[in-house]
Every structure is written in structure tokens, then in C-alpha cells.
Amino acid sequence: MSSSRQELISNLRNTYNFTLRNINLNNDTFDELKYGLIITDNSYTGSIENCEFPKVYLNAKLPWTITTLNFINLRSTFIDLKNSLGISFIQPVVQGPNKIKFNIEGCYSITIMNGDIEDAGTYLNFLGKNSNVRSFGNNILALKGKYTDGVLPDRSYFDDTGYIGFGAPNFNG
């Protein structure tokens, strides 16, 4: 994949009603230390389907100008969300060497469901004030770290009945 293609896919902003499908940047030609997908301000009602990005970064510099995005069958090693609203991850696979799988800061109405989260580390890391975060039906395979870290968000729900493996169960949900 050419570097111009990487740049085109990596930086989305001022987008509305978009769909990304079947994009795989997690290969030998892409530097896995970089973000494979960056979404910034004024990105609304998008769908990212059947994609593989080394890392995903959503950062709304103005709170909640990233909203109503659906990630379906996303594969990644790390997902970083800041000031986002109404973001859904349906059947994500998040695995790899990163100590934190999901970093969530200043977000409202985040849903993570029916995914596979693997390896050691922290599954959900909360920074700042978050609210209405839901995680349910996820198979947490061999997670030898923590289920959550940081201040648990207001009005949140964590159902770890899909839990398989050796990690610490979530007693605070």
C-alpha cells in the first residue's frame, strides 16, 4: 500500500455519513507503531466495517464533535477515544502487546459488545469524566491484567459473563 493511501485513510475529519469497508493496514508495509486510523472533529454518522488498523484514535478537540460512529468487526491492538459521543464497537478483536486495550477519556455513550479482547493488560482504562459506558458479551481471553482501571463512569454497565480466561473479574460493574 502506498504512503499516500495510508495518509488518506489515516486522517478523517469533517466527514458525514461515510463508510469504510474491508481495509487492512496491519501488514508488513505499515508501521504498527503509528495509528492506522485517526478520526478528528466534525465526523458524524460513520460506519467502519471489517477493517484492521494497528491502532485507532478518535479525538474531538471540541467535545462531542465526533458522534454516532459504528465500528463493526474491527481488528486492532489499541483504541483511544477522547471527547466522543455515541460510539459503538460491535464484535471488535483487540489483541496485541499494548498494556491498555481501550483508553476512554471524556466520552459519553460508548458501547463495546460481543468482542474478543486478548493478552495481558487493562481492558478498559478511564481518564477524566466519562458517562454511560457499556461493555457486554465480550469474551476476554487470557487477560492477565485488570478488567477496568481509573474512575468508573457514571451510569455504566459492565457484564463480563462472556469472560473466559484468567483475569480478575469485574466486581464494580
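As the structure is a computational prediction, the values presented were derived from the model and not from experiment. Just so you know, the residues in each chain are numbered from 1, in the order the chain's sequence is written. This being a predicted model, a pLDDT of at least 70 is required before a residue's local features are given, and a value of 80 or more before pairs of side-chain atoms are given or counted; all residues contribute to the totals for chains, interfaces and linings. Excluding hydrogens and water, the side-chain values take into account all heavy atoms of the structure.

1. Digging into the overall build of the protein chain
Logical step 1: If you tally the helices and strands in the protein chain, you get one helix and 19 strands.
Logical step 2: Classification of residues uses two cut-offs on accessible area relative to the type maximum, computed with a 1.4 Å probe and protein chains only: under 20% is buried, over 50% is exposed, and between them is partly exposed. Across the 173 residues of the protein chain, 50% fall into the buried class.
Logical step 3: It only takes one pair of heavy atoms within 4.5 Å for two residues to be counted as in contact. A fraction of 37% describes how many contacts in the protein chain between residues 6 or more apart in sequence connect residues 24 or more apart.
Logical step 4: Here the accessible surface of atoms and residues is derived via Shrake-Rupley with a 1.4 Å probe, and residues count as covered only by protein chains that are part of the display. With an accessible surface of roughly 8,300 Å², the protein chain has 51% of that area assigned to carbon and sulfur atoms. Put simply, DSSP H or I for four residues or longer makes a helix, DSSP E for two residues or longer makes a strand, and each gets a number counted from the N terminus.

2. Details of the packing of aromatic side chains
Logical step 1: To pair, rings of Phe, Tyr and Trp, with the six-membered ring standing in for Trp, must have centres within 6.5 Å; the planes then decide the type, stacked if under 30 degrees apart, edge-to-face if over 60, and tilted in the middle. Inspection of the entire model under this criterion finds eight aromatic pairs.
Logical step 2: Ring centres of Tyr35 and Tyr57 lie 5.0 Å apart, and the angle between their planes is 35°; on these two criteria the pair is classed as tilted. Of this pair, Tyr35 sits in the loop between strand 3 (19-21) and strand 4 (37-39) while Tyr57 is found in strand 6 (residues 55-59), placing the two residues 22 residues apart along the sequence.
Logical step 3: A relative accessible area of 25% means that Tyr35 is categorised as partly exposed.

3. Considerations on the pattern of salt bridges
Logical step 1: The working definition used for a salt bridge is a side-chain nitrogen of Lys or Arg within 4 Å of a carboxyl oxygen of Asp or Glu. Going through the model one piece at a time under the given rule, you end up with three salt bridges.
Logical step 2: For Arg21, the salt bridge is made with Glu49, and the minimal N-O distance between the two is 2.7 Å. Separated by 28 residues along the polypeptide, Arg21 in strand 3 and Glu49 in strand 5 (residues 43-49) bring together distant segments of the chain.
Logical step 3: Taking relative accessible area as the criterion, Glu49 reaches 16% and is therefore assigned buried.
Logical step 4: Across the pair Asp154 and Lys129 runs a salt bridge, and its minimum N-O distance is 2.6 Å. With Asp154 in the loop between strand 18 (146-149) and strand 19 (157-159) and Lys129 in the loop between strand 15 (122-127) and strand 16 (131-136), this pair connects stretches of sequence that are 25 residues apart.
Logical step 5: On the accessibility criterion, Lys129 (63% relative accessible area) is exposed.

4. Side note on the side chain of Ser156
Logical step 1: You can see Ser156 is positioned in the loop between strand 18 and strand 19.
Logical step 2: Dropping the residues within four chain positions of it, Ser156 is found in contact with Ser131, Asn132, Val133 and Arg134.

5. Observations regarding the environment of Leu127
Logical step 1: Checked against the element boundaries, Leu127 lands in strand 15.
Logical step 2: By relative accessible area, which is 36% here, Leu127 ends up partly exposed.
Logical step 3: Among all residues touching Leu127, those that are not within four sequence positions of it are Asn103, Ile104, Glu105 and Gly106.

6. Focus on the sheet that holds strand 6
Sheet strands associate in pairs through backbone hydrogen bonding, adopting either a parallel or an antiparallel arrangement.
Logical step 1: Note: two strands are recorded as paired if DSSP finds a minimum of 2 bridges between them. The seven strands are arranged 1-4-6-9-12-15-18 in an open sheet whose pairing can be described as parallel. This sheet does not close on itself; its edge strands, each paired only once, are strand 1 (11-12) and strand 18.

7. Side note on the sheet that holds strand 11 (residues 93-94)
Logical step 1: Taken in spatial order, the four strands line up as 8-11-14-17 in an open sheet, and their pairing is parallel. Here the strands that pair on one side only, and so sit at the sheet edges, are strand 8 (75-76) and strand 17 (139-141).
Logical step 2: As paired strands, strand 8 and strand 11 are joined by two bridges and run parallel to one another. Looking across to strand 11, one finds that Ser76 is bridged to Val94.

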